[in-house]
Amino acid sequence: MDGGMLSQEEINALMGGGDDSASTSAKGSSERLTDAERDAVGEIANINMGTAATTLSTLLNNKVVITTPRVSYVSINELSQQYDRPCVFIHISYIEGIDGNNILILKEADVKIITDLMMGGDGSNTDGELSELHLSAISEAMNQMMGSAATSLSSMLEKKVDISPPSASLVDLNDTIEDTEIANFLDDEVVQVAFDMKIGDLVDSQIMQLYPFDFARELYERFMGSSSNGAAAAIAPEPAPAAQPQAAPEMQPQMQQPQMMQQPQMMDPNMMQQPYMMPMQNVNVQPAQFQSFNPGIMPLLQQENIDLIMDVPLEVTVELGRSNKSIKEILDFAPGTIIELNKLAGEPVDVLVNGKFVAKGEVVVIEENFGIRLVEIAK
């Protein structure tokens with residue numbers, strides 16, 4: 001400073017012009033929701049996730065509890081601090097009824113447990129890296145969950161709401177996000193709706209939804225618009241029934257008095273019992289017959305479960321045979337070495353799905369490729 005005058009750099013520093021984070025924070029705070037918008041988004045998310053939890057429970061054949069949501073605001077830097085390990089982002093786009101998209105975030109370990117339960121496991125097969133099979137399975141699960149949530153949203157907004165099939169990707173928030181749609185989504189502060197999620201005794205974790213501010217406001221406007229229409233429809237019919245009771249009291253005193261005077265002359269005492277002398281119809285009464293109940297068999301639930309996962313891909317493996325070798329024998333392997341297997345020549349080979357035996361088959365050649373003709377299905 002010279003002669004009491006401030007330099008341009010000092011003025012910028014005092015005014016906060018050189019602080020990008022301050023301007024970003026001011027921008028984010030100005031875009032934030034009002035209390036009414038925030039409460040409405042929380043209520044909509046609560047109803048949607050309640051329906052989604054029921055669908056996931058049916059899909060996994062396990063009790064699923066998703067708690068009341070907590071609505072807040074979050075930036076990409078804050079997300080990276082919350083999720084220090086890679087997590088799974090499920091991108092959901094609405095294609096009918098409302099225009100927008102949101103993102104579901106699940107922890108990697110939770111995705112492995114959910115997909116293992118979907119494949120008929122007990123939720124303990126969580127070793128290894130997250131593969132395309134896991135991402136495909138969790139996409140299908142989220143498609144069923146958010147599809148049912150869209151149905152609930154349709155009832156709330158009184159118009160059809162539909163989503164496109166969700167896409168799942170493994171994201172490390174500490175690295176550069178390669179998915180352009182997700183990167184653009186998280187370019188600025190967003191609305192965060194967090195839920196606590198429990199799946200039986202296997203998962204006690206958190207599931208999170210992220211909404212852009214524009215989409216959150218659109219949900220609020222549609223929700224308030226449908227609520228106003230519903231209230232108007234409920235109020236409109238009230239004047240019609242109110243007009244009928246007004247005319248009845250005026251006519252009743254005039255009509256009742258002559259009837260009371262004529263009753264002793266016109267009514268026979270035997271006829272007073274006439275309303276109670278109606279002939280009784282013969283009614284066949286018998287004990288109710290109930291089908292025997294076996295809690296261990298739920299065919300409808302099983303059929304519904306299998307329908308929900310029809311599109312999930314499974315890995316099919318054909319095992320020609322096995323052999324045990326010592327380390328010395330394996331080190332002696334060379335081109336031309338013959339390894340004797342525990343199967344006889346011509347014996348059917350085993351067909352495995354996700355490592356589980358399902359059938360036996362015989363090897364055939366189709367053009368230039370090997371194939372398997374199934375000869376026996378495991379029971």
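Our structure's up above, just so we're on the same page.
Here the residue index of a chain counts from 1 through its sequence in written order. With the structure being a predicted model, the display of local features is reserved for residues of pLDDT at least 70 and the display and counting of side-chain atom pairs for 80 or more, all residues being used for whole-chain, interface and lining totals. Hydrogens and water molecules were not included; the side-chain quantities draw on all heavy atoms of the structure.

### Some words on the pattern of salt bridges
Whenever a carboxyl oxygen of Asp or Glu lies within 4 Å of a side-chain nitrogen of Lys or Arg, that contact is scored as a salt bridge. Following the criterion strictly, the structure yields twelve salt bridges and no others. For Glu37, the salt bridge identified is with Arg217, shortest N-O distance 3.9 Å. Of this pair, Glu37 sits in helix 3 (residues 35-60) while Arg217 sits in helix 8 (residues 213-235), and the two are 180 residues apart along the sequence. Note on exposure labels: buried denotes an accessible area under 20% of the residue type's maximum, exposed denotes more than 50%, and partly exposed covers the range between, all computed with a 1.4 Å probe on protein chains only. What makes Glu37 buried here is its relative accessible area of 11%. Between Arg322 and Glu319 there is a salt bridge; the shortest N-O distance is 2.9 Å. A residue is classified by how much of its surface remains accessible, and Arg322, at 53% relative accessible area, is exposed. Given a relative accessible area of 19%, Glu319 falls into the buried group. Residues joined by salt bridges that share partners form a network here, namely Glu37, Asp214 and Arg217. Each helix is a run of DSSP H or I of at least 4 residues and each strand a run of E of at least 2, with the numbering of both proceeding from the N terminus.

### Thoughts on the packing of helix 3 against helix 6 (residues 132-157)
For the pair helix 3 and helix 6, interaxial distance at closest approach is 8 Å and the crossing angle is 140 degrees. Here helix 3 lies oblique to helix 6, going by the angle between them. In this structure, helix 3 meets helix 6 at a crossing whose hand is right-handed. For the pair helix 3 and helix 6, contact is made by Ile44, Ile47, Asn48, Thr51, Ala52, Thr55, Leu56 and Leu59 and by Ala141, Gln144, Met145, Ser148, Ala149, Ser152, Leu153 and Met156, respectively. Ten residue types, Ala, Val, Leu, Ile, Met, Phe, Trp, Tyr, Cys and Pro, are classed as nonpolar, four, Asp, Glu, Lys and Arg, as charged, and the remainder, Gly among them, as polar. Here the residues of the contact of helix 3 with helix 6 are counted per class, giving ten nonpolar, six polar and no charged. For helices, the fitted line uses only the C-alpha atoms of the stretch in contact; every axis is such a line through C-alpha atoms, and the angle between N-to-C directions lies from 0 to 180 degrees. Our angle categories are set so that under 35 degrees counts as roughly parallel, over 145 as roughly antiparallel, 65 to 115 as roughly perpendicular, and the remainder as oblique. By the definition used in this description, the sense in which the near helix is turned from the far one sets the handedness, with an anticlockwise turn below a right angle giving left-handed and a clockwise turn giving right-handed. We call two residues in contact whenever any of their non-hydrogen atoms come within 4.5 Å of each other.

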